[in-house]
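Coordinate inspection notes
Below, each chain spelled out in residue letters.
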Amino acid sequence: MGFPDTRFSVNLSILFTELPLRERPAAAAAAGFTAVELWWPWPDAPVPERAALDSLRTALEDAGTRLVGLNFYAGRLPGPDRGALSVPGALSRGFRANVPVAVDFARSLGCTSFNALYGNRVAGVPAAEQDALALSNLTLAARAVAAAGGTLLIEALNATESPACPIVSAPRAMEVVDAVNAATGLDNARFLMDLYHLSMNGEDLAEVIDRHTARTGHVQIADTPGRGAPGTGTLDFAALLDRLRKNGYAGWTGLEYRPGDTTGDAAFAWLPRPLRAAR
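These lines cover the structure that appears in this document, whether it is placed above or below. (Residues numbered from 1 in each chain as written. Predicted model: local features only at pLDDT ≥ 70, side-chain atom pairs only at ≥ 80, totals over all residues. Heavy atoms only, no water.)

1. Things to note about the packing of helix α4 (residues 127-147) against helix α5 (residues 170-184)
The condition is simple: Angular values range over 0 to 180 degrees, each being the angle between N-to-C directions of two axes fitted as lines to C-alpha atoms, with helices fitted over their stretch in contact. Starting at the N terminus, helices and strands are each numbered in turn, a helix being any DSSP run of H or I of at least four residues and a strand any DSSP run of E of at least two. Should an angle fall under 35 degrees it is called roughly parallel, over 145 degrees roughly antiparallel, and 65 to 115 degrees roughly perpendicular, with every other angle called oblique. Should the near helix be turned counterclockwise from the far one by less than a right angle, the crossing is left-handed, whereas a clockwise turn marks it as right-handed. Only heavy atoms matter for contacts: two residues are in contact if any of them lie within 4.5 Å across the pair.
At their nearest, the axes of α4 and α5 sit 9 Å apart, and the two run at 60° to each other. With respect to their mutual orientation, α4 and α5 come out oblique. Pair α4 / α5 crosses with right-handed handedness. In contact with D131, L135, L138, T139, A142 and R143 of α4, α5 contributes R172, V176, A179, V180, A183 and T184.

Here is the structure:
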């Protein structure tokens, strides 16, 4: 495969997981990557100890890796949660407490892209009430991100793996993007286009790219089926990423796939080493 015009980042929350978190940036660098992204690394701690934040920051800096994307607190991810910001109670409170912490941590590393995962529907709570809570929390996050010169990302998951999540299509994610931008007037909410999730939903990826690239802030990829590396499934990533480029996308493309039985450099055999470093 080629991809000479694609800027790749590697997600350290799903790749290199055979290693402790603090060792993953160096492993990514050893594999040739200089840009990385992360889910919120402490699923049980929206506000972790300062020492934990400092340790991870040092690991990223010592490895020479650039953090280009960070999730806000999303509950137990990976696990049963699919976000926190729409869920009344502890999860929502955790999200709000996490916002200034995540923004401060990311800003200290030059990262300006923040993914805010919506959350599952909750039995017994009207959907409208959950959506109002979500908009309130997303408005809070968008304003905090704007103060750091950043972008708030809204991602669509897939209905097969996340049946209780209401954000499971590109059009629905774009509705949320529009609602946040209307509420804040900041226009700093954008679509996170995860081609794996959209493919699992049966969406026409070429149509999604043509329609939504201009308002896309980040792209993530994994092959379908199986969420494996490119080349293990049915998606033509050379064509898809070329289509994104022709539609004007010049941002990061996050590698967010399961490596299967491979570890380390072997998990990236599909991508020539000269194309791994940030350009």
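Right, picking up where we left off after that structure.
2. Brief notes about the packing of aromatic side chains
Which entries qualify depends on this criterion: Put simply, two rings from Phe, Tyr or Trp (the six-membered ring, in Trp's case) pair if the centres are within 6.5 Å, and we call them stacked under 30 degrees between planes, edge-to-face over 60, tilted for the rest. Accessibility here uses a 1.4 Å probe with only protein chains present; expressed as a share of the type maximum, an area under 20% marks a residue as buried, one over 50% as exposed, and anything in between as partly exposed. By definition here, charges over rings are those cases where NZ of Lys or CZ of Arg is within 6 Å of the ring centre and within 35 degrees of the ring normal.
For the structure shown, the criterion picks out 10 aromatic pairs. On the basis of an interplanar angle of 75° and a centroid distance of 5.8 Å, the ring pair of F3 and W270 is categorised as edge-to-face. With a gap of 267 residues between them, F3 in the segment before β1 (7-11) and W270 in the segment after β8 (252-255) connect regions that are remote in the sequence. Considered together, F3 and W270 belong to a single accessibility category, that of buried residues. What links up through ring pairs into an aromatic cluster is the set F3, F8, F16, F33, Y257, F268 and W270. The lysine or arginine in question, R7, covers the ring of W252, its NZ or CZ lying 4.1 Å from the ring centre.

3. Details of empty space enclosed by the protein
To keep it simple, the criterion reads: Definitions used for this entry: grid spacing 1 Å over protein atoms alone; cavity, a set of points where a 1.4 Å probe fits but cannot get out; pocket, an open set with protein on both sides within 12 Å along at least 5 of 7 lines; lining residue, one with an atom within 4 Å of a point. Grid points are joined across faces, edges and corners, and a volume is the space filled by probe spheres set on the points. Note on residue classes: Ala, Val, Leu, Ile, Met, Phe, Trp, Tyr, Cys and Pro are nonpolar, Asp, Glu, Lys and Arg are charged, and everything else, Gly too, is polar.
Under the counting rule described, the total for this entry stands at 3 cavities of 30 Å³ or more. The space that makes up the largest cavity amounts to roughly 70 Å³. What lines the largest cavity is a set of 13 residues, and nearest its centre among them are E37, G69, L70, N71 and H218. Counting only elements with at least two residues in the lining of the largest cavity, the list comes to β2 (35-38), β3 (66-71), β4 (113-115) and β7 (216-221). Top contributing element to the lining of the largest cavity by residue count: β3, with 4 residues. Within the lining of the largest cavity, the residues separate by chemical class into 5 nonpolar, 7 polar and 1 charged. Within this model, the second largest cavity holds a volume of roughly 40 Å³. What lines the second largest cavity is simply W39, W40, P43, N71, F72, Y73, A74, G75 and L77.

4. A look at the pairing of β2
Side-chain direction in a regular strand flips from residue to residue, so the side chains alternate between the two faces of the sheet. Our working rule: Look down the strands so they point away from you; if going from the first strand over the helix to the second traces a clockwise path, that crossover is right-handed. When DSSP finds two or more bridges between a pair of strands, those strands are recorded as paired.
Here β2 shows no split at all, with A35 and E37 on one side and V36 and L38 on the other all buried. Crossover connection from β1 via helix α1 (residues 24-30) to parallel β2: handedness right-handed. Two elements, β2 and β3, share 4 bridges in a ladder whose sense is parallel. Paired with A35 across the two strands is R66, which belongs to β3. As a crossover connection, the stretch from β2 through helix α2 (residues 50-63) into β3 is right-handed.

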